[in-house]
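# Residue-level structural notes
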Amino acid sequence: MMSSKEALSLKSHDPTMADQYQYNTNEEKIVKDSHTKEIDLINRDPKLINEDVIKVEFEDVIAEPDGTHSLDGVWKLSYTTFTVSKYWCYRILSAIFGIPMALLWGFLFACISFCHIWAVVPCIKSCLIESQCISRIYSLCIQTFCDPFFEALGKIFSSVKVALRKEV
């Protein structure tokens, strides 16, 4: 069993590891599943990713300018029809296609994560390791061959003096 001091120490060194465990007053370890989380059924867009894209209201689509107005009853019924049909069409489409689309998107992001973890990052790390090796060899060659050459040229041209004269 782990004491509360050890839990705090673990949390300070590796917060992801410490968050997986909770301790009650009897110092019993309770494992918390990190793959499930509580879903907010009220605020379904907490990160506001669809803030400006999906909010389409009746007034954004249908508008009658001054001088061209339909009957008030038609306007009210049009508003109600638009709003209710949009609401129920979305509900029906999400009920039919929501779970298959979630499965598709989950599969796609799992594939992207898999490729990133098992192919992209190792490939980049491999390239960085190889380029570091080549960089050291290149640096050694420059220090061995070019540095003495340019140092000699610097000593040769260090005695050159340039004088500017203005002739009239």
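For the structure itself, look to the data block above.
Only a predicted model underlies this, so the values are computations on that prediction, with no experimental measurement involved.

## Re the overall build of the protein
The secondary structure content of the protein amounts to four helices and two strands. Along the protein, from the amino end to the carboxyl end, the secondary structure elements read α-α-β-β-α-α. Carbon together with sulfur atoms contributes 66% to the accessible area of the protein, which is approximately 15900 Å² in total.

## Brief notes about the packing of aromatic side chains
Enumeration over the complete set of coordinates arrives at seven aromatic pairs. Aromatic pair Phe58 and Tyr79: ring centres 5.3 Å apart, planes at 90°, arrangement edge-to-face. In this pair, Phe58 sits in helix α3 (residues 58-61) while Tyr79 sits in helix α4 (residues 72-157), placing the two residues 21 residues apart along the sequence. According to the relative accessible area criterion, Phe58 is buried, its value standing at 1%. On the numbers, 5.3 Å between centres and 70° between planes, the contact of Phe149 with Phe150 is edge-to-face.

## Notes on the side chain of Asp45
For Asp45, the position within the fold is in the loop between β2 (29-31) and α3. In terms of polar contacts, Asp45 uses its side chain to reach the backbone amide nitrogen of Ile49, at 2.9 Å. Sequence-distant contacts of Asp45, that is, excluding residues within four places in its chain, are made with Asn50 and Glu51.

## So, unusual backbone geometry
Positive phi values are uncommon outside glycine, yet Leu48 reaches one of about 55°. With respect to the helices, strands and loops of the structure, Leu48 is situated in the loop between β2 and α3.

## Some remarks on the state of the cysteines
Cysteine pairs can be covalently joined through their sulfur atoms, and such a bond is termed a disulfide. Summed over all chains, the structure comprises zero disulfides. Left unpaired, Cys146 is separated from the closest cysteine sulfur, that of Cys141, by 8.6 Å. You can call Cys146 partly exposed: its relative accessible area is 27%.

## Details of α4
Every α-helix carries 3.6 residues per turn, so stepping three or four residues along brings you back to the same face. The terminal C-alpha atoms of α4 lie 94 Å apart, and with 86 residues this falls more than 12% below the ideal 128 Å at 1.5 Å per residue. Largest kink in α4: about 50°, centred on Phe97, with the proline Pro100 one to four residues after it.

## A word on the pattern of salt bridges
A complete count under the given rule lists one salt bridge for this structure. For the salt bridge of Glu151 with Lys155, the shortest nitrogen-to-oxygen distance reads 3.9 Å. In this pair, Glu151 and Lys155 are both assigned in helix α4, four residues apart and thus about one turn of the helix distant. We classify Lys155 as exposed; its relative accessible area is 59%.

Thresholds applied
Residues numbered from 1 in each chain as written. Predicted model: local features only at pLDDT ≥ 70, side-chain atom pairs only at ≥ 80, totals over all residues. Heavy atoms only, no water. Helix = DSSP H or I, 4+ residues; strand = E, 2+ residues; numbered from the N terminus. Areas by Shrake-Rupley, 256 points an atom, 1.4 Å probe, with all protein chains shown as cover. Phe/Tyr/Trp six-rings, centres within 6.5 Å; stacked < 30°, edge-to-face > 60°. Buried < 20%, exposed > 50% of the residue type's maximum accessible area, 1.4 Å probe, protein only. Polar contact = N/O pair within 3.5 Å; in protein donor to acceptor, adjacent residues only side chain to side chain. Contact = heavy atoms within 4.5 Å. Disulfide = S-S within 2.5 Å. Expected span 1.5 Å × (residues − 1). Bend = angle between axes of the 7 residues up to and from the residue. Salt bridge = Lys/Arg side-chain N within 4 Å of Asp/Glu carboxyl O.

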